[in-house]
Amino acid sequence: MQPGDIPVTYADASALEADYGFTPKTSIRKGLRAFAEWYAEYYKV
């Protein structure tokens, strides 16, 4: 590990699917774009 490395990530949704039967329908690319657009509008940047 280097300074700034993230030790754990929850980007893998397989446990979510196994536990709750939920599978995300939005791709990471589309979701990040939507978030960035919302953020820019909300914070007026």
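Here's a quick rundown of the structure.

Cut-offs applied
- Residues numbered from 1 in each chain as written.
- Predicted model: local features only at pLDDT ≥ 70, side-chain atom pairs only at ≥ 80, totals over all residues.
- Heavy atoms only, no water.
- Helix = DSSP H or I, 4+ residues; strand = E, 2+ residues; numbered from the N terminus.
- Buried < 20%, exposed > 50% of the residue type's maximum accessible area, 1.4 Å probe, protein only.
- Areas by Shrake-Rupley, 256 points an atom, 1.4 Å probe, with all protein chains shown as cover.
- Lys, Arg positive; Asp, Glu negative; His and termini not counted.
- Charge placed at Lys NZ, Arg CZ, Asp CG, Glu CD.
- Contact = heavy atoms within 4.5 Å.

## A few points about the overall build of the chain
A tally of regular secondary structure across the chain gives two helices and zero strands. When the backbone C-alpha atoms are referred to their principal axes, the chain occupies close to 40 × 35 × 15 Å. Each of the 45 residues in the chain was classed as buried or not, and the buried ones make up 0%. Accessible area for the chain stands at about 4700 Å²; split by element, carbon and sulfur atoms hold 59% of it. When the 5 positive and 6 negative side-chain charges of the chain are each reduced to one mean point, those points stand 12 Å apart.

## Some remarks on unusual backbone geometry
Backbone geometry at lysine 44 places phi at a positive 55°, although glycine is not the residue there. Positionally, lysine 44 belongs in the segment after helix 2 (28–43).

## Comments concerning the environment of phenylalanine 22
Along the polypeptide, phenylalanine 22 turns up in the loop between helix 1 (14–20) and helix 2. On the accessibility criterion, phenylalanine 22 (46% relative accessible area) is partly exposed. The residues touching phenylalanine 22, leaving out its near neighbours within four places in the chain, are Leu16 and Glu17.

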